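This is what each chain is made of:
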Amino acid sequence: MADIAMSNILTSLEDSSFSCSCAKEMINGGIDGHLNDCSVRNLKSSLNDDTANVKAPKKDPLPKDEEDFLKAVFQVILEDGVRKGRDITQKVVDFHQPDELRTLLDLEIRDTPEDHQALIKHMKDTVKYSVRTSHPRFFNQLFSGQNTYALAGQWLTETLNTSQYTFEVAPVFTIMENVVLHKMRDIVGYSGGDGIFCPGGSISNLYALNVARYRYMPDIKKTGLFGLPRLVVFTSKQSHYSIKKAASVLGIGTNNVVLVDCDERGKMIASDLEAQILRVKAEGAVPFFVNCTSGTTVLGAYDPLDEVADICEKHGLWMHVDAAWGGGVMMSPKYRASRMRGVERSDSITWNPHKMMGAGQQCSAFLLKHENLLQHCHEAKAKYLFQQDKFYDVSYDTGDKSIQCGRKVDVFKLWLMWKAKGNQGWHEDMDAVFDKTRYLVEKVKAREGFKMVLDEPECSNVCFWYIPPSLRGKEDEADYKDKLHQVAPKIKERMVLSGTMLVGYQPLGNKPNFFRQVFSSPSVTEEDLDFLLDEIERLGEDL
Ligand SMILES: Cc1ncc(COP(=O)(O)O)c(C=O)c1O
């Protein structure tokens, strides 16, 4: 029997790339005496080695044809996605109306499989008809550009395809998230506290409302909304619509979101905030939450955080800062103090590195000053996932802080990018973004037919009207505003159809449609900005 066992071990040794020395000792010195030592050494050795203690498979885990496919895909990504995506000689968009696009793409799912060649063609078509948001002349959204390291990070996290919820399945990413969130809180000025990466700024804002309400009314988690007083939220008239959405989702109700007046620059008027709080209290309702915006979506205004903090402290309200867009200035010693003084006094903040910091969709951090609140507010203690008797420090299983179960890894791209830049790189990027903003502001001011909406924008939003020759000097005519209102949409239509660039437009209050040029990519050049103005003029001078 012993001989048979021994020869089995020898055979398995020949097949295995692992545990040879232990097995030889077992053969030479007897099995029993060495079993414990060997298994400990095997365990240690397995910690230092990529290979698992199993027989080498007969088949390559990556079949040749799949490897070739992936290499071909990588070429498509590199050439069509990355290189052409950054090339100003390429169109930003090859636009087709939805019905036409349906005919240009082979979208039908069939019973039979398609070969690699067909799949590569589908990938190329997908790139061809998609908007190149990495293009230097894509100015349409609060995200743009393409950072090589963030992109590399995204590729790696997609490949590893894990969920951020436990150390067990995401050991590197859970501690990395911990480190990066800590760093971000330090930058905000919170000592201690907590945080989580969320799928976007809207969801981060929803987290803020939820934890704030839980802090004041912890019973709500069990008893629900039944029997609660009327809770009221305050936010400025120019804040992002996600606050209203969150209030609706959480059962607070959009009628209970009070919109505070803004000054002509789009900043919340602190005295109006206090007046509204007093009014609501007099009505017998319960104010509990104030949302400030650091970088409003359209004008890029920064609310006066210190003044709002005084009011929140006085009335015992949660102060949240929605810095989804403008939070990037915290990376610049030069611009932070003048825009976000007092942010450290807030209870929580939404900060989207995927916007002004260019980390790639999606990357949004919700940070708060308070410890344990996220966990207590959201935990459901699922026994199949968050077992408390695991053999490692289960405080790294952060998934129960989240309203999701599975959660994408959003931290890695930011971490890699940060490693590649260092803090210094961010300072330079932010300064570059603000330098370009200044360049464009001066150009708009100096150019005939262009007019700034705000003379001095605080963020990198440059809002302006293009006034075609037919409307110049007619500001006093009754239909001037109506006519001007139609200019930007018409230019935008022509712009999309020619595909040369993309820039957004919108009305605001009683202001007719105007263009909003936003910078989040430091790689935009002065030449790109000259092109922007020339192109608007080219597309609109006959209107
Ligand atoms: C000020 C502000 N807050 C929140 C959001 C929502 O962020 P997200 O698009 O990541 O949900 C935006 C989006 O533009 C925003 O401008």
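Computed from a predicted structure; not experimentally measured.

What counts and how
Residues numbered from 1 in each chain as written. Predicted model: local features only at pLDDT ≥ 70, side-chain atom pairs only at ≥ 80, totals over all residues. Heavy atoms only, no water. Axes fitted to C-alpha atoms, helices over the stretch in contact; angles between N-to-C directions. Helix = DSSP H or I, 4+ residues; strand = E, 2+ residues; numbered from the N terminus. Parallel < 35°, antiparallel > 145°, perpendicular 65-115°, else oblique. Left-handed = near helix turned anticlockwise from the far one by under 90°. Contact = heavy atoms within 4.5 Å. Nonpolar A, V, L, I, M, F, W, Y, C, P; charged D, E, K, R; others polar. Salt bridge = Lys/Arg side-chain N within 4 Å of Asp/Glu carboxyl O. Buried < 20%, exposed > 50% of the residue type's maximum accessible area, 1.4 Å probe, protein only. Expected span 1.5 Å × (residues − 1). Arc of directions from axis to C-beta. Near = heavy atom within 4 Å. Polar contact = N/O pair within 3.5 Å; in protein donor to acceptor, adjacent residues only side chain to side chain. Areas by Shrake-Rupley, 256 points an atom, 1.4 Å probe, with all protein chains shown as cover. Core = buried A, V, L, I, M, F, W, Y, C linked by side-chain atoms within 4.5 Å. Pairing = 2+ DSSP bridges. UniProt positions renumbered as here; feature names shortened; annotations may be inferred.

Turning our eyes to something else, we now look at the packing of helix α12 (residues 270–282) against helix α13 (residues 305–315). Orientation of α12 relative to α13, taken along the N-to-C sense of each, is 20°, at an axis distance of 9 Å. If you check the angle between α12 and α13, you find them roughly parallel. In this structure, α12 meets α13 at a crossing whose hand is right-handed. Between α12, through Ala270, Leu273, Glu274, Ile277, Leu278 and Lys281, and α13, the contact on the second element is made entirely by Glu307, Val308, Ile311, Lys314 and His315. Along the lines of polarity and charge, the residues of the contact of α12 with α13 split into six nonpolar, one polar and four charged.

Next up on the list: the pattern of salt bridges. For the structure shown, the criterion picks out 35 salt bridges. Put simply, Glu67 and Lys71 hold a salt bridge, and the shortest N to O gap is 2.9 Å. Separated by four residues within a single helix, Glu67 and Lys71 lie in helix α4 (residues 64–83), roughly one turn from each other. A residue is classified by how much of its surface remains accessible, and Glu67, at 26% relative accessible area, is partly exposed. For Arg110, the salt bridge identified is with Asp106, shortest N-O distance 2.8 Å. With a relative accessible area of 36%, Arg110 lands in the partly exposed category. Looking at Asp106, the relative accessible area reads 35%, which means it is partly exposed. Within the structure, one salt-bridge network assembled from shared partners comprises Asp306, Asp310, Glu313 and Arg345.

This next bit is on helix α8 (residues 171–188). Along an α-helix, residues three or four apart share an orientation, since each turn contains 3.6 residues. For α8, which comprises 18 residues, the first-to-last C-alpha distance of 26 Å matches the rise-based estimate of 26 Å (1.5 Å per residue) to within 8%. Among the residues of α8, Phe173, Thr174, Met176, Glu177, Val180, Leu181, Met184, Arg185, Ile187 and Val188 are the ones counted as buried. Summarising the axial view, the buried residues of α8 lie within an arc of 165°, below the 170-degree limit, and thus occupy one face. The exposed set on the far side of α8, more than 90 degrees from its buried face, consists of Val172 and Val179. Buried positions along α8 lie against α7 (148–160), β2 (194–198), α14 (333–340), β7 (348–351), β8 (364–368) and α16 (411–446). A positive backbone phi angle near 110° is found at Gly189, which sits one or two residues after α8.

A word on the site of the ligand. Around the ligand sit 15 residues, and of these Gly201, Ser202, Thr297, Asp322 and Asn352 come closest. Between an oxygen atom of the ligand and a side-chain N or O atom of Ser202, the distance comes to 2.8 Å. Asp322 has a polar side-chain atom sitting 2.6 Å from a nitrogen atom of the ligand. Isolated, the ligand exposes 390 Å² of accessible area, and the fraction of that covered by the protein chains is 85%. Among the residues making up the shell around the ligand, the classes are represented as two nonpolar, eleven polar and two charged.

Next up on the list: the nonpolar core. Counting 97 residues, the largest nonpolar core has Met340, Ile349, Leu414 and Ile536 as its most contacted members. Ranked by the residues each element gives to this core, the list is headed by α16, at 13 residues. With residues near it in sequence (within four places) discarded, Ile349 still touches Val188, Tyr190, His320, Val321, Ala323, Met330, Met340, Val343, Ala365, Phe366 and Leu367. Judged by nonpolar contacts, the second largest core, of 26 residues, contains Ala208, Tyr214, Leu231 and Leu373.

So, on to unusual backbone geometry. Look at the link from Gln361 to Gln362: it is a cis peptide, with omega at -10°. In this fold, Gln362 is placed in the loop between β7 and β8. You will see that Asn372, though not glycine, has its phi angle at about 70°, which is positive. With respect to the helices and strands, the residue Asn372 is situated in the loop between β8 and α15 (373–378). Accessibility expressed as a relative area gives 46% for Asn372, which makes it partly exposed.

Taken together, five strands build an open sheet; the order of strands is β1-β11-β12-β10-β9 and the sheet is mixed. Here the strands that pair on one side only, and so sit at the sheet edges, are β1 (138–139) and β9 (450–452). Relative to strand β10 (residues 461–466), β9 is paired through three bridges, and the arrangement is antiparallel. The residue of β10 that forms the bridge with Met452 is Phe464. Contacts between helix α18 (residues 526–540) and the sheet are confined to β1, β9, β10, β11 (502–508) and β12 (511–518), with β10 contributing the most and set at about 25° to the helix.

Okay, the UniProt feature "modified residue: N6-(pyridoxal phosphate)lysine" (unreviewed entry) in the chain next. The UniProt feature table records "modified residue: N6-(pyridoxal phosphate)lysine" (unreviewed entry) at Lys355. Take Lys355: it is sitting in the loop between β7 and β8. The class of Lys355 is buried, set by a relative accessible area of 17%. Leave out the neighbours within four places in its chain, and Lys355 touches Leu142, Phe143, Ala324, Trp325 and Ser520.

What follows covers helix α9 (residues 201–216). Between its first and last C-alpha atoms α9 spans 23 Å; for 16 residues at 1.5 Å apiece the expected length is 22 Å, and the two agree. Judged by how many residues are buried, α9 sits mostly within the fold: twelve of 16 residues are covered. Looking at α9, one finds that the buried residues are Gly201, Ser204, Asn205, Leu206, Tyr207, Ala208, Leu209, Asn210, Val211, Ala212, Arg213 and Tyr214.

For the rest of this paragraph, the subject is the side chain of Asn461. One can find Asn461 in strand β10. A relative accessible area of 1% means that Asn461 is categorised as buried. Of note is the side chain of Asn461, whose polar atom sits 3.2 Å from the backbone oxygen of Thr297. In contact with Asn461, not counting residues within four places along its chain, are Thr296, Thr297, Val298, Leu299, Gly300, Trp325, Arg516, Gln517 and Val518.

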